[in-house]
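Chain residues, written in single-letter form:
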Amino acid sequence: MKFLVTKELWYNPLLKWLVVLLVVILSFFLLSDMLLHHYQIGLEFSKAIETIMGNEEEFTDPILFDALLERVHIDIFTSTVTLMLLAIIYVRVAPQSRIKSLPIHLSFVTAILSHVALMGGFYAGEFLIQLWIVLFVIWHIIALGLSLYIIGRLVFK
């Protein structure tokens, strides 16, 4: 991570392509994370509510609390590591500007609030589950935007 302090990233083509490869892998992780959550919980309002809260009419049990807690525990770790790596690289490759930190702050805040909303949705109900879906999708889109920006700056500059 020496390139974060020096300007070596711009003058070392191998290092530049290694960082691009890392960001591409993180992008694939973000996309597969969305697919995994869509498959396991559901990113549609009705499916997510039914998965988390259950459905009495169809005799569907709600998700077990320990399974939900494990999911949130894993999600907090992976989202923090992913966003931290993207933010560190983004700060280095983005030109100096006043709004450079806005996507970083927005992605971290929405990621944290999405985990809180998911846990709260288990107790509070439909509104927080819907809020979780919105926040979850927002932070993934912002992180993918950061990835595309980083790749664009490193490859096409």
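Residues numbered from 1 in each chain as written. Predicted model: local features only at pLDDT ≥ 70, side-chain atom pairs only at ≥ 80, totals over all residues. Heavy atoms only, no water.

Student: Pulling in residues and values, what's your account of the overall build of the protein?
Tutor: A count of helical and extended segments in the protein gives six helices and zero strands. Taken from the N to the C terminus, the helices and strands of the protein come in the order α-α-α-α-α-α. In terms of overall dimensions, the protein has C-alpha extents of about 65 × 30 × 25 Å along its principal axes. Counting contacts in the protein only where the partners sit at least 6 residues apart, residues at least 24 apart contribute 72% of the total. As displayed, the protein offers around 9,300 Å² of accessible surface, 72% of which is attributable to carbon and sulfur atoms. In the protein, the 10 positive side-chain charges and the 12 negative ones have mean positions that sit 33 Å from each other. (Helix = DSSP H or I, 4+ residues; strand = E, 2+ residues; numbered from the N terminus. Contact = heavy atoms within 4.5 Å. Areas by Shrake-Rupley, 256 points an atom, 1.4 Å probe, with all protein chains shown as cover. Lys, Arg positive; Asp, Glu negative; His and termini not counted. Charge placed at Lys NZ, Arg CZ, Asp CG, Glu CD.)

Student: Quick rundown of the side chain of Ser107? Include the residues and the values.
Tutor: Counting through the fold element by element, Ser107 comes out in helix α5 (residues 102-124). Taking relative accessible area as the criterion, Ser107 reaches 1% and is therefore assigned buried. Once residues lying within four places of it in the same chain are set aside, the contact partners of Ser107 are Leu83, Trp139 and Ile142. (Buried < 20%, exposed > 50% of the residue type's maximum accessible area, 1.4 Å probe, protein only.)

Student: Describe the packing of α5 against helix α6 (residues 126-156), listing the residues and the values that go with them.
Tutor: In contact at an axis separation of 7 Å, α5 and α6 are set at 155 degrees when each is read in the N-to-C sense. Considering their axes alone, α5 and α6 lie roughly antiparallel with respect to each other. Our pair here, α5 against α6, has a crossing hand that is left-handed. On α6, the residues touching Pro103, Leu106, Ser107, Thr110, Ala111, Leu113, Ser114, Ala117, Leu118, Gly120, Gly121 and Ala124 of α5 are Glu126, Leu128, Ile129, Leu131, Trp132, Leu135, Phe136, Ile138, Trp139, Ile142 and Leu146. Broken down by class, the residue content of the contact of α5 with α6 amounts to 17 nonpolar, five polar and one charged. (Axes fitted to C-alpha atoms, helices over the stretch in contact; angles between N-to-C directions. Parallel < 35°, antiparallel > 145°, perpendicular 65-115°, else oblique. Left-handed = near helix turned anticlockwise from the far one by under 90°. Nonpolar A, V, L, I, M, F, W, Y, C, P; charged D, E, K, R; others polar.)

So far we have only geometry, and geometry alone does not tell us how the molecule works.
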